Amino acid sequence: MPQTNPFHSLTPRKLTDSELARSIRLNIEAELDAINLYAAHLDATDNPEAKAILQHVMDEEREHAALFWQLIARLDPAQAQHDREASAKYQLITRGASHEAVEAVGEGGAPAEESNFPKRFTVGNLRP
Ligand SMILES: [Fe+2]
(Lines give C-alpha, C1' and ligand atoms only; values in the text may rest on other atoms or scores of the structure.)
Protein backbone atom coordinates (compact mmCIF):
# COMPACT_ATOMS: atom_id res chain seq x y z
CA MET A 1 0.00 0.00 0.00
CA PRO A 2 1.51 3.36 -0.99
CA GLN A 3 2.45 5.69 1.83
CA THR A 4 2.00 8.86 -0.19
CA ASN A 5 -1.50 9.93 -1.09
CA PRO A 6 -1.22 10.89 -4.78
CA PHE A 7 -4.16 13.29 -4.42
CA HIS A 8 -3.15 15.11 -1.26
CA SER A 9 -1.83 18.18 -3.04
CA LEU A 10 -4.55 18.70 -5.62
CA THR A 11 -5.69 22.29 -5.78
CA PRO A 12 -8.87 23.72 -7.27
CA ARG A 13 -6.78 25.96 -9.53
CA LYS A 14 -3.38 26.13 -11.19
CA LEU A 15 -0.51 27.29 -9.01
CA THR A 16 1.12 30.66 -9.40
CA ASP A 17 4.85 30.61 -10.08
CA SER A 18 5.47 31.60 -6.46
CA GLU A 19 3.34 28.74 -5.18
CA LEU A 20 4.96 26.35 -7.62
CA ALA A 21 8.40 27.44 -6.40
CA ARG A 22 7.38 26.49 -2.87
CA SER A 23 6.32 23.07 -4.12
CA ILE A 24 9.51 22.57 -6.09
CA ARG A 25 11.55 23.39 -2.96
CA LEU A 26 9.84 20.42 -1.30
CA ASN A 27 10.77 18.31 -4.32
CA ILE A 28 14.40 19.34 -3.90
CA GLU A 29 14.21 18.39 -0.25
CA ALA A 30 12.90 14.94 -1.22
CA GLU A 31 15.68 14.48 -3.79
CA LEU A 32 18.37 15.40 -1.25
CA ASP A 33 16.84 13.08 1.31
CA ALA A 34 16.84 10.26 -1.27
CA ILE A 35 20.52 10.91 -2.05
CA ASN A 36 21.40 10.54 1.61
CA LEU A 37 19.28 7.39 1.94
CA TYR A 38 20.94 5.75 -1.07
CA ALA A 39 24.39 6.79 0.17
CA ALA A 40 23.66 5.09 3.48
CA HIS A 41 22.53 1.95 1.66
CA LEU A 42 25.67 2.04 -0.48
CA ASP A 43 27.78 2.17 2.66
CA ALA A 44 25.82 -0.69 4.18
CA THR A 45 26.46 -3.33 1.51
CA ASP A 46 29.27 -5.01 -0.37
CA ASN A 47 26.89 -6.54 -2.94
CA PRO A 48 28.30 -5.27 -6.26
CA GLU A 49 24.99 -5.35 -8.16
CA ALA A 50 23.19 -3.52 -5.39
CA LYS A 51 25.97 -0.96 -5.20
CA ALA A 52 25.85 -0.38 -8.97
CA ILE A 53 22.09 0.14 -8.94
CA LEU A 54 22.15 2.34 -5.86
CA GLN A 55 24.97 4.46 -7.31
CA HIS A 56 23.10 4.89 -10.59
CA VAL A 57 19.86 5.85 -8.89
CA MET A 58 21.66 8.17 -6.48
CA ASP A 59 23.28 9.99 -9.40
CA GLU A 60 19.85 10.33 -11.02
CA GLU A 61 18.57 11.97 -7.83
CA ARG A 62 21.49 14.39 -7.96
CA GLU A 63 20.50 15.32 -11.50
CA HIS A 64 16.86 15.73 -10.45
CA ALA A 65 17.89 18.05 -7.61
CA ALA A 66 20.01 20.10 -10.02
CA LEU A 67 17.17 20.36 -12.54
CA PHE A 68 14.72 21.42 -9.86
CA TRP A 69 17.20 24.07 -8.71
CA GLN A 70 17.31 25.44 -12.25
CA LEU A 71 13.52 25.54 -12.28
CA ILE A 72 13.42 27.41 -8.96
CA ALA A 73 15.71 30.06 -10.44
CA ARG A 74 13.17 30.62 -13.21
CA LEU A 75 10.15 30.64 -10.92
CA ASP A 76 11.61 32.80 -8.14
CA PRO A 77 13.38 35.98 -9.32
CA ALA A 78 14.78 36.68 -5.84
CA GLN A 79 16.37 33.24 -5.73
CA ALA A 80 17.76 33.77 -9.21
CA GLN A 81 19.37 37.02 -8.04
CA HIS A 82 21.00 35.21 -5.11
CA ASP A 83 22.23 32.53 -7.49
CA ARG A 84 23.88 35.19 -9.66
CA GLU A 85 25.57 36.76 -6.64
CA ALA A 86 26.55 33.53 -4.90
CA SER A 87 29.57 32.81 -7.07
CA ALA A 88 31.09 36.22 -6.41
CA LYS A 89 30.34 35.98 -2.70
CA TYR A 90 31.80 32.48 -2.54
CA GLN A 91 35.04 33.70 -4.10
CA LEU A 92 35.29 36.59 -1.66
CA ILE A 93 34.53 34.44 1.41
CA THR A 94 37.06 31.78 0.50
CA ARG A 95 39.69 34.45 -0.18
CA GLY A 96 39.21 35.92 3.27
CA ALA A 97 37.26 39.05 2.38
CA SER A 98 35.56 41.04 5.10
CA HIS A 99 31.89 40.56 5.83
CA GLU A 100 31.28 44.06 4.46
CA ALA A 101 33.01 43.23 1.17
CA VAL A 102 30.97 40.06 0.83
CA GLU A 103 27.72 41.80 1.58
CA ALA A 104 28.55 44.62 -0.85
CA VAL A 105 28.03 42.19 -3.70
CA GLY A 106 24.56 42.85 -5.01
CA GLU A 107 24.21 46.10 -3.11
CA GLY A 108 25.98 48.22 -5.65
CA GLY A 109 29.38 47.00 -4.55
CA ALA A 110 32.00 45.97 -7.03
CA PRO A 111 31.59 42.49 -8.42
CA ALA A 112 34.26 40.06 -7.26
CA GLU A 113 35.94 40.14 -10.66
CA GLU A 114 36.42 43.90 -10.40
CA SER A 115 37.31 43.90 -6.74
CA ASN A 116 40.97 44.10 -5.91
CA PHE A 117 40.47 42.18 -2.66
CA PRO A 118 42.50 40.60 -1.31
CA LYS A 119 45.53 42.53 -2.31
CA ARG A 120 48.41 40.15 -2.46
CA PHE A 121 51.63 41.97 -2.01
CA THR A 122 54.72 40.57 -3.58
CA VAL A 123 58.26 41.80 -3.94
CA GLY A 124 57.12 43.31 -7.22
CA ASN A 125 54.72 45.61 -5.36
CA LEU A 126 57.63 47.21 -3.54
CA ARG A 127 59.50 48.16 -6.69
CA PRO A 128 59.00 51.73 -7.91
FE1 LIG B 1 14.28 11.93 -8.18
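Preceding block: the structure.
Let me sum up the structure you'll find in this document. This one's a predicted model, so the numbers in the text were calculated from it and none came from an experiment.

1. Quick word on the overall build of the protein
Then, in step 1: Of the regular secondary structure elements, the protein holds five helices and zero strands.
Then, in step 2: Here the protein holds 128 residues, and the buried ones make up 9% of them.
Then, in step 3: Intrachain contacts of the protein at a sequence separation of at least 6 include 41% that bridge at least 24 residues.

2. What to know about helix α2 (residues 48–75)
Then, in step 1: Taking 1.5 Å per residue, 28 residues should reach 40 Å; α2 reaches 41 Å between its end C-alpha atoms and fits that length.
Then, in step 2: Among the residues making up α2, those that are buried are L54, F68 and L75.
Then, in step 3: In this fold, the buried residues of α2 make contact with α1 (17–43).

3. A look at the environment of Q55
Then, in step 1: Mapped onto the elements, Q55 comes out in helix α2.
Then, in step 2: A tally of 13 C-beta atoms within 10 Å means that Q55 is categorised as partly exposed.
Then, in step 3: For the pair Q55 and H41, spaced 14 residues apart in the sequence, the C-alpha separation amounts to 9.6 Å.

4. Some points on the nonpolar core
For soluble globular proteins, the rule of thumb is that nonpolar side chains tend to be buried together.
Then, in step 1: If you look at the biggest cluster of nonpolar residues, it comprises five residues: A88, L92, V102, A104 and V105.
Then, in step 2: Only α3 (77–94) and α4 (99–104) provide two or more residues apiece to this core.

5. Side note on the packing of α1 against α2
Pairs of packed helices are described in terms of their axes, by the angle between the two and the distance that separates them.
Then, in step 1: α2 packs onto α1 with a crossing angle of 160° between their chain directions and a minimal axis gap of 9 Å. By the angle between their directions, the pair α1 and α2 is classed as roughly antiparallel. Where α1 crosses over α2, the handedness of that crossing is left-handed.
Then, in step 2: Each residue belonging to the contact of α1 with α2 can be placed in one class, and the counts come to 19 nonpolar, four polar and six charged.

6. Considering the environment of W69
Then, in step 1: Following the sequence through the fold, W69 ends up in helix α2.
Then, in step 2: Residue classification places W69 among the partly exposed residues on the basis of 15 C-beta atoms within 10 Å.
Then, in step 3: Sequence separation of W69 and Q79 is ten residues, and the distance between their C-alpha atoms is 9.7 Å.

Cut-offs applied
- Counting from 1, residues in each chain are numbered in the order their sequence is written.
- With the structure being a predicted model, the display of local features is reserved for residues of pLDDT at least 70 and the display and counting of side-chain atom pairs for 80 or more, all residues being used for whole-chain, interface and lining totals.
- Numbering goes from the N terminus for both helices and strands, where a helix is a DSSP run of H or I of at least four residues and a strand is a run of E of at least two.
- In this scheme every C-beta is placed from the backbone, and a residue whose C-beta has 20 or more other C-beta atoms within 10 Å is buried, one with 12 or fewer is exposed, and one in between is partly exposed.
- Two residues form a contact once the distance between their C-beta atoms, set from the backbone, is within 7 Å.
- What a helix should span is 1.5 Å times the count of its residues minus one.
- Put simply, a nonpolar core is a cluster of buried Ala, Val, Leu, Ile, Met, Phe, Trp, Tyr and Cys residues tied together by C-beta atoms within 7 Å.
- Interaxial angle, 0 to 180 degrees, is taken between N-to-C directions of lines fitted to C-alpha atoms, where a helix line uses only the stretch in contact.
- Geometric relationships in this document are graded by angle, where less than 35 degrees denotes roughly parallel, more than 145 denotes roughly antiparallel, 65 to 115 denotes roughly perpendicular, and other angles denote oblique.
- It is the rotation of the near helix from the far one that decides the hand of a crossing: anticlockwise by less than a right angle makes it left-handed, clockwise makes it right-handed.
- Amino acids outside the nonpolar list (Ala, Val, Leu, Ile, Met, Phe, Trp, Tyr, Cys, Pro) and the charged list (Asp, Glu, Lys, Arg) are all regarded as polar, and Gly is one of them.

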